[in-house]
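Okay, here's what each chain looks like letter by letter:
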Amino acid sequence: MHWDREVDVLVFGAGMGGMTAALVASLEGLDVLLCEKTDQVGGTTSTSAGTVWIPGSSQAVRDGVPDSIDDARRFLAAEIGPRAEVVREAFLAAGPAALDYLDAHTEVKFRAPPKHPDYHSNRPGRALAGRALSPLPFDGRLLGTDFDRVRPPIASFMVLGGMMVGKDDIPILLKPLASVGSFVAAAKLLLRHATDRLRYRRGTRLVMGNALVARLFYSLRTRNVPIAFDARLVELVKGSDRVEGAVVGIGDKRQTIRARRGVILATGGFAPNDKLRGEFMTGLPVAHSNAFAGASGDGFSAARAAGAAVDDKHTNPAFYFPSSLHKETVYPHILLDRAKPGLIAVNKDGRRFVNESDSYHDFVEAMLRTNAASQSVPAWLICDRSFIRDYGIGLVHPGASRREIERYIADGYLHCAGTQSELAQRIGIDGKNLVRTVQEHNRFAETGVDEAFGKGGTEYNQFNGDPANKPNPCLRPITEPPFFAVAVYPSTMGTCVGLSTDGDARVLDETGVAIEGLYAVGNDMASLFRGVYVGPGITLGPALVFAYRAVMHLASNASARDGRKRISA
Ligand SMILES: Cc1cc2nc3c(=O)[nH]c(=O)nc-3n(C[C@H](O)[C@H](O)[C@H](O)COP(=O)(O)OP(=O)(O)OC[C@H]3O[C@@H](n4cnc5c(N)ncnc54)[C@H](O)[C@@H]3O)c2cc1C
């Protein structure tokens, strides 16, 4: 075999999994090359909220919300049962060490918000805080010209031509006059953004997934880790007993690169790939994806061609968002509207079918579960004028002007009518039932108890509601005409089906034996959560931890052979 180049570790994909792996490999003294098929880093990670679900961290202790690994173990046993236990234990064991390692040696830093509940917050062992960690904001200016290499967030999640808004910023920007503190904070945000826009195409105050990607990228650049852009995995090169390297496509040229220690696949799973969706999501009415189009199954397919086994034994093959569609935008309804008081979701029969304030994934599970009996794809989010004023719905911002509302109506995104029956007629659902459903909901809103679906009944529900709304932060009567509707469809945020691995992210073959020299992390690796969405950050958390574990495995083999100095040693 002729090799054009040789490295210790060859990593494919510059999202959470791949950037973390390349960073740790460099810190462990290995000669690493990170190949990214586009001209930007970030993948789906850059458009995410950036939350990582990692139990028992020292960051949680430091921030005053300690969490226990034993509780997390109990919680996972209740949620998932006896499945993927080897990988699960490996995740729990290495999570805190992986976070501490990045915290000590890189700019990749997290904090534990005072409240960020698990999604089934009535289960034993659940955490209300301390398990879901957020990346610290990052100043994109530190990247210099490399700032343009960071894939931007979803356009509809930014305001004023490119200003990122974190969850904590929303109340400040919505009500700047609420207090002197709010006014000063809002003025600072706006001034910073105005200054940024004189020099940059978008705001440089980065939060959430964009901050995480920028922190990883900045740390890689600081260590001079080589990154090849526009360099894609074409196929893996397998010798008699191990993966030896890969063929990499750079423009219309091909290079063979030998990976002395191993190849790490981190190409982001296959959520937007129609063919693979057809194979693993047969019969499911899920036609849309919020994942980055470039995360199209390249690593997954290359590994299968090299003999890797697929792990498809999951409760759901993917994790979901309910999304509304506007032109090219697939807008995920994550937390800003569904849980707020004064909104219900109904099916074609004009009936509710779900607790609207449950997690986005559980919401879609209910859509898919009930769709055969009564069409709930699409489902309809219904609210009144006061709801739009206070909370907004989907792409329509809180306090939207009449002109903005009319624009969305003209585009067919928002539907509007003076009465509920008229609205039902416009969107083609049962009008009599809708009127009855709203009446029943309004009765629940008065008592504060949703007798049908329990909206606002858990700590997680209430977390995303409006604490000022009494007695239930998620329930308020729908009474003020005109009435509005937005259609939502199931969409994938990421895949759960992935390559079968062991607890060190080593890819397994059909007989369950590790393929030497081949690792898979991020969404290329099958999810340890088995299609059950237990809390915020359950794809990025494992992506971080298994990138760390994969490199530690590979590095310990390497140093045993060549005696290199390792930071972790
Ligand atoms: C709106 C939104 C919010 C989300 N919020 C969260 C959250 O808060 N917490 C959480 O845990 N999850 C969240 N997710 C899901 C999460 O973002 C993804 O699961 C995660 O980013 C996947 O990380 P990854 O490293 O596997 O892949 P990605 O981040 O998608 O990176 C994959 C990279 O591989 C590159 N690539 C693809 N093919 C090749 C090839 N052949 N050669 C070289 N490179 C290649 C791609 O271009 C891409 O840059 C969210 C998703 C969305 C859409």
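Attention here is on the structure that accompanies the text. (Residues numbered from 1 in each chain as written. Predicted model: local features only at pLDDT ≥ 70, side-chain atom pairs only at ≥ 80, totals over all residues. Heavy atoms only, no water.)

## Some thoughts on the site of the ligand
Item 1. Taken together, 38 residues surround the ligand, and among them E36, T45, D298, T539 and L540 come closest.
Item 2. Taking G43, its main chain carries an N or O atom lying 3.4 Å from an oxygen atom of the ligand.
Item 3. Note that an oxygen atom of the ligand is positioned 3.4 Å from one of the backbone N or O atoms of G537.
Item 4. Taken by itself the ligand offers 1,000 Å² of open surface, and the protein chains cover 98% of this.
Item 5. Elements with a contribution of two residues or more to the shell around the ligand: helix 1 (16–27) and strand 11 (231–238).
Item 6. With three residues, strand 11 is the single largest residue contributor to the shell around the ligand.
Item 7. The class makeup of the residues in the shell around the ligand is 14 nonpolar, 20 polar and four charged. (Near = heavy atom within 4 Å. Polar contact = N/O pair within 3.5 Å; in protein donor to acceptor, adjacent residues only side chain to side chain. Areas by Shrake-Rupley, 256 points an atom, 1.4 Å probe, with all protein chains shown as cover. Helix = DSSP H or I, 4+ residues; strand = E, 2+ residues; numbered from the N terminus. Nonpolar A, V, L, I, M, F, W, Y, C, P; charged D, E, K, R; others polar.)

## What about the side chain of R131?
Item 1. Take R131: it is sitting in the loop between strand 4 (110–111) and strand 5 (132–135).
Item 2. Note on R131: relative accessible area 1%, which makes it buried.
Item 3. Excluding anything up to four places from it in sequence, R131 contacts V52, W53, I54, P55, D67, S68, D71, A72, F75, D118, G125 and R126. (Buried < 20%, exposed > 50% of the residue type's maximum accessible area, 1.4 Å probe, protein only. Contact = heavy atoms within 4.5 Å.)

## With respect to the side chain of T437
Item 1. The topology assignment puts T437 in helix 14 (residues 431–447).
Item 2. In this structure T437 comes out as buried when scored by relative accessible area, which is 8%.
Item 3. Apart from residues no more than four positions distant in its own chain, T437 is found in contact with I344, V346, G350, R351 and R352.

## Details of the sheet that holds strand 3 (residues 52–53)
Item 1. Pairing within the open sheet is antiparallel, and its three strands lie in the order 3-5-4. Each of the sheet's edge strands pairs with one partner strand only, and the pair in question is strand 3 and strand 4.
Item 2. Relative to strand 5, strand 4 runs antiparallel, the two being bridged by two bridges. From the neighbouring strand, R111 faces strand 5, where its bridge partner is S134. (Pairing = 2+ DSSP bridges.)

## What to know about the packing of aromatic side chains
Ring pairs (aromatic) are described by centroid distance and by the angle formed between their planes.
Item 1. Across all of its chains, the model carries 21 aromatic pairs by this definition.
Item 2. Measuring from ring centre to ring centre gives 5.5 Å for W53 and F529, while their planes differ by 85 degrees; the resulting arrangement is edge-to-face. Highlighted residues: W53 in strand 3 and F529 in the loop between strand 24 (514–520) and helix 16 (540–562), separated in sequence by 476 residues.
Item 3. Residue classification places W53 among the buried residues on the basis of a relative accessible area of 0%.
Item 4. Here F529 falls in the buried class, since its relative accessible area comes to 0%.
Item 5. Both rings, one in F319 and one in Y533, keep their centres 4.8 Å apart while their planes meet at 70 degrees; by these two values the pair is edge-to-face. With F319 in strand 16 (residues 318–326) and Y533 in the loop between strand 24 and helix 16, the pair connects residues that are 214 residues apart, well separated along the chain. By the burial criterion, F319 is buried, and Y533 matches it.
Item 6. Within the aromatic cluster, the residues linked to one another by ring pairs are Y119, F319, F321, Y360, Y460 and Y533.
Item 7. Above the plane of the ring of F229 lies R149, whose end atom (NZ or CZ) is 4.0 Å from the centre.
Item 8. Looking at R407, its charged tip hangs above the ring of Y408, at a distance of 4.9 Å from the centre. (Phe/Tyr/Trp six-rings, centres within 6.5 Å; stacked < 30°, edge-to-face > 60°. Lys NZ or Arg CZ within 6 Å of the ring centre and 35° of its normal.)

## Some details on helix 12 (residues 402–410)
Item 1. Looking at helix 12, one finds that the buried residues are E404, I405 and Y408. One face of helix 12 carries all of its buried residues, which in axial projection span an arc of 100 degrees. Residues R402, R403 and A410 are exposed on helix 12 and point more than 90 degrees away from its buried face.
Item 2. Following helix 12 by one or two positions, G412 has its phi on the positive side, about 80 degrees. (Arc of directions from axis to C-beta.)

## Examining the packing of helix 13 (residues 420–427) against helix 14
Item 1. Look at helix 13 against helix 14: their axes get within 8 Å of each other, and the N-to-C directions meet at 130 degrees. One element, helix 13, and the other, helix 14, form an angle in the oblique class. Viewed along their axes, helix 13 and helix 14 form a crossing whose handedness is right-handed. Across the interface between the two elements, Q420, S421 and A424 from helix 13 touch G431, L434, V435 and V438 from helix 14.
Item 2. Class assignment for the residues of the contact of helix 13 with helix 14 results in four nonpolar, three polar and no charged. (Axes fitted to C-alpha atoms, helices over the stretch in contact; angles between N-to-C directions. Parallel < 35°, antiparallel > 145°, perpendicular 65-115°, else oblique. Left-handed = near helix turned anticlockwise from the far one by under 90°.)

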